[in-house]
Amino acid sequence: MDVAKVALVGFGTIGSGVARLLLEHPERIARQAGRPVRLVRVVDPDLRRARNMTLPGGMLTGDLQSVLADREVAAVVQLIGGLEPERSIMLRVLESGKDVVTANKALLAEHGVELFDRARQLGRSIAFEAAVAGGIPIIAAISECLTANQVESVRGILNGTSNFILSEMGQRGSSYSESVSEAQRRGYAEADPTLDVDGTDAAQKLAILAHLAFGARINWRDIPRTGIDVVELADIRYAAELGYHVKLLATAELGGDGLELHVSPTLVRQGTPLAEVRGAFNAVRVVGDAVGPVFFHGQGAGQMPTASAVVADLIDTVVGRTAITFRTLRLWSAEGGSAVATCDPARVPGRYYLRFRVNDRPGVLAEIAGILGSNQISIASVIQHEASEEGDELVPLVIMTHSAPEGALRTAMQAIDRLPCVHTGSVRMRVRD
Ligand code: HSE
């Protein structure tokens with residue numbers, strides 16, 4: 001039986017997980033692929049660093065060219081982070097006649113059109129299940145299993161680091177900065193956690209999902225995003241008092257006015273599946289017109305969950321399934337426009353959680369309520385505790401609204417923030433029931 005020879009570029013955490021699956025479970029993989037899949041080369045510039053996996057002698061090399069020149073290598077798994085040299089390496093791999101498997105969502109979000117068009121010209125494929133939500137098979141679900149549907153909505157917890165930090169704050173009562181430090185200690189957050197906590201990582205993943213689910217040609221930078229770095233422990237506590245958990249939700253919803261897209265900290269009703277996703281886990285809820293709601297939950301990062309998705313892609317590539325999906329789906333292309341327009345966020349209705357820091361004196365609530373009322377925003381509930389957490393002068397005032405367009409909320413908040421009795425630091429978060 002023909003052996004499928006494959007190579008790995010990048011022998012870091014995920015790379016060693018992939019090597020482990022390929023080398024420790026060859027029978028399982030051969031059974032799924034219909035033929036043996038043999039890892040023949042692992043390319044990494046660092047030949048000395050200790051990994052939790054030892055390769056057979058001679059397999060690790062710093063010489064990428066030796067892989068590109070080996071005509072017997074049919075597919076290359078590329079597991080290097082960043083945009084360059086990853087982009088150039090991917091182009092060289094494709095041009096050397098090999099299919100690619102990648103986990104690099106930033107690269108696809110940034111250079112997807114160029115890389116996918118080049119792969120198509122060359123008759124090659126790029127598989128990327130591990131790029132979104134790690135071990136959860138959400139790419140296959142949307143691009144293969146749910147294709148009979150018009151997808152109506154995709155909502156996800158797509159950044160495990162943010163979810164871990166919010167869970168720590170909620171469950172342990174730790175501050176934001178203590179929770180970030182704990183995420184770093186456990187290896188979830190980078191030394192510089194900016195891309196996780198400011199919503200960039202989730203927006204890049206959402207752009208990929210929106211492309212697959214709705215044919216939306218959206219640049220991730222155009223997705224309105226707010227990260228969890230604006231969330232304070234007080235908000236988590238008020239949310240709990242109101243019956244919600246705060247989650248960083250990535251949302252793509254099809255409405256009459258087009259596609260609504262955003263990444264934002266959101267109050268999600270306790271007891272609903274997304275609200276109960278804890279720790280570093282990811283989850284995605286997809287609604288299709290035929291299937292109704294479907295829910296996916298699992299580990300969105302980490303060595304073996306990500307390696308699970310990568311190796312499944314590799315098996316699909318070796319079998320030829322990836323090539324068929326890749327050809328038929330016309331993912332990322334300079335040709336053709338977006339299948340759907342994005343809607344004006346100002347017109348999208350929603351419920352909101354508002355927190356203001358106000359002077360504790362008569363008439364303040366009436367002034368704020370008056371501005372909300374004049375913008376046609378109805379108040380659903382109000383919390384003001386007697387004991388101030390901020391000293392005698394200022395008290396927090398929390399308001400839950402009924403549904404109102406985001407534009408009206410923005411206008412009202414600007415007017416409220418100009419009131420002399422309202423101090424800096426107002427907070428506005430969406431609510432999902
Ligand atoms: N850093 C991401 C997360 C995983 O925390 O979910 C890689 O995209």
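Participant: Explain the domain arrangement of the protein chain to me, using residue names and the numbers behind them.
Facilitator: In terms of domain boundaries, the protein chain breaks down into domain 1 (4–134 + 305–329), domain 2 (146–298) and domain 3 (348–432). Measuring from the centre of the C-alpha atoms in domain 2 to the corresponding centre in domain 3 gives 24 Å. Taken together, the contact between domain 2 and domain 3 spans 21 residues of the former and 16 residues of the latter. Between domain 2 and domain 3, the buried area comes to about 1700 Å², and carbon and sulfur atoms account for 58% of it. The interface formed by domain 2 and domain 3 contains four salt bridges. Salt-bridge contacts for E260 lead to R430; the nearest nitrogen and oxygen are separated by 4.0 Å. Summed over the shared surface of domain 2 and domain 3, the number is ten residue pairs in polar contact (both at pLDDT 80 or more). Looking at the side of domain 2 that touches domain 3, the elements that each hand over two or more residues are α11 (233–242), β8 (244–255) and β9 (258–269). Looking at the side of domain 2 that touches domain 3, the element that brings in the most residues is β9, giving eight residues. Looking at the side of domain 2 that touches domain 3 residue by residue, the class counts come to ten nonpolar, four polar and seven charged.

Participant: Give a description of the site of the ligand that names residues and reports values.
Facilitator: By nearness alone, every residue bordering the ligand is listed as K105, L158, N159, G160, T161, D196, D201, K205 and A301. Between the ligand and K205 there is a distance of 2.8 Å, counted from an oxygen atom to a side-chain nitrogen or oxygen. Protein chains bury 77% of the 260 Å² of accessible surface belonging to the ligand in isolation. Within the residue set of the shell around the ligand, elements represented by two or more residues are α7 (160–172) and α10 (200–214). Across the shell around the ligand, the residue classes tally to two nonpolar, three polar and four charged.

Participant: Which residues make up the side chain of E129, and what values go with them?
Facilitator: Here E129 is to be found in the loop between β6 (126–127) and α6 (138–145). At 11 Å, R321 is the nearest oppositely charged side chain to E129, a buried residue that forms no salt bridge. Of the polar contacts made by the side chain of E129, one reaches the backbone nitrogen of A140; its length is 2.8 Å. Discounting chain neighbours no more than four positions away, the residues touching E129 are G134, I136, P137, I138, I139, A140, A309 and D313.

Participant: Before we move on, can you summarise the side chain of R120 with the specific residues and values?
Facilitator: Looking at the element boundaries, R120 is found in helix α5 (residues 105–122). R120 sits in the buried class, given a relative accessible area of 17%. Reaching out from R120, the side chain makes a polar contact with the side chain of D117 at a distance of 3.0 Å. With sequence-adjacent residues up to four places away left out, R120 is seen in contact with F326, R330, L331, W332 and S333.

Participant: Outline the sheet that holds strand β5 (residues 99–102), listing residues and values.
Facilitator: As summarised here, the arrangement of the six strands in space is β3-β2-β1-β4-β5-β6, forming an open sheet in which the pairing is parallel. Both edges of this open sheet fall to β3 (60–61) and β6, since each of them pairs with a single strand only.

Participant: Summarise the packing of α7 against helix α8 (residues 176–185); cite the residues concerned and give the values.
Facilitator: Interaxial distance between α7 and α8 falls to 9 Å at its minimum, and their mutual angle equals 130 degrees. Compared by their axis directions, α7 and α8 come out oblique. The element α7 and its partner α8 pack so that their crossing is right-handed. Residue-level contacts link T161, F164, I165, E168 and M169 of α7 to Y176, S179, V180, E182 and A183 of α8.

Participant: Any chance you could break down unusual backbone geometry for me, citing the residues and the numbers?
Facilitator: Most peptide bonds take the trans form, and the phi angle of most residues other than glycine is negative. At the junction of E84 and P85, the peptide bond is cis and its omega measures out at 10 degrees in the coordinates. Relative to the assigned elements, P85 resides in the loop between β4 (73–78) and α4 (86–95). We note that A133 has phi near 60 degrees; this positive angle belongs to a residue other than glycine. In this fold, A133 is placed in the loop between β6 and α6. For A133, a relative accessible area of 0% puts it in the buried group. The backbone of Q376 sits at a positive phi, close to 65 degrees, despite the residue not being glycine. You can see Q376 is positioned in the loop between α14 (364–374) and β13 (379–383). The exposed category is assigned to Q376, whose relative accessible area is 68%.

Participant: Tell me what's going on with the environment of S333, and back it up with residues and numbers.
Facilitator: For S333, the position within the fold is in the loop between α13 (321–329) and β12 (349–359). A sequence separation of 221 residues divides S333 from G112, and the C-alpha atoms of the two residues are 8.0 Å apart. Discounting residues that sit within four places of it in the chain, S333 has contacts with V113, D117, R120 and R217.

Participant: Kindly report on the pairing of strand β11 (residues 292–299), identifying the contributing residues and their values.
Facilitator: Across eight bridges, strand β10 (residues 281–288) lies against β11 in antiparallel orientation. Within the sheet, the bridge partner assigned to N282 lies in β11 and is G298. Where β10 hands over to β11, the hairpin turn is made up of three residues, counted between the paired strands.

Basis of the calculations
- Along each chain, residues carry numbers from 1 onward, in the same order as the chain's sequence is written.
- Totals for whole chains, interfaces and linings use all residues, but because this is a predicted model, local features are given only for residues with pLDDT of at least 70 and pairs of side-chain atoms are given and counted only at 80 or more.
- Remark: hydrogens and water are excluded; side-chain values derive from all non-hydrogen atoms of the structure.
- Annotation comment: domain bounds sourced from an automatic or database domain assignment.
- Every residue pair with non-hydrogen atoms within 4.5 Å of one another is taken to be in contact.
- Note on definitions: buried area is the accessible-area loss of two parts on being combined, 1.4 Å probe, summed for both.
- Only one rule defines a salt bridge in this text: a Lys or Arg side-chain nitrogen within 4 Å of an Asp or Glu carboxyl oxygen.
- By the criterion applied in these results, polar contacts are pairs of N or O atoms within 3.5 Å in which, for protein atoms, one can donate a hydrogen and the other can accept it, and in which residues neighboring in sequence qualify only through two side-chain atoms.
- A run of DSSP states H or I qualifies as a helix once it reaches four residues; a run of E qualifies as a strand once it reaches two. Both are numbered from the N-terminal end.
- Only Asp, Glu, Lys and Arg are considered charged, only Ala, Val, Leu, Ile, Met, Phe, Trp, Tyr, Cys and Pro nonpolar, and every remaining residue, Gly among them, polar.
- Nearness of a residue to a molecule or strand requires only that one of the residue's heavy atoms be within 4 Å of it.
- Computed with a 1.4 Å probe, the accessible areas rest on the Shrake-Rupley method; for each residue, only the protein chains presented here act as cover.
- Exposure is judged per residue with a 1.4 Å probe applied to protein chains only, and the accessible area is read against the type maximum: over 50% gives exposed, under 20% gives buried, and values in between give partly exposed.
- We score Asp and Glu as negative and Lys and Arg as positive, and we do not count His or the chain ends.
- DSSP-based pairing: two strands are paired if at least 2 bridges between them are found.
- Fitted lines through C-alpha atoms serve as axes, helices being fitted only where they are in contact, and the angles separating the N-to-C directions of these axes extend from 0 to 180 degrees.
- Any angle that falls under 35 degrees is termed roughly parallel, while one over 145 is termed roughly antiparallel, one within 65 to 115 roughly perpendicular, and all others oblique.
- Each crossing is labelled by how the near helix is turned from the far one, with a counterclockwise turn of less than a right angle marking it left-handed and a clockwise turn marking it right-handed.

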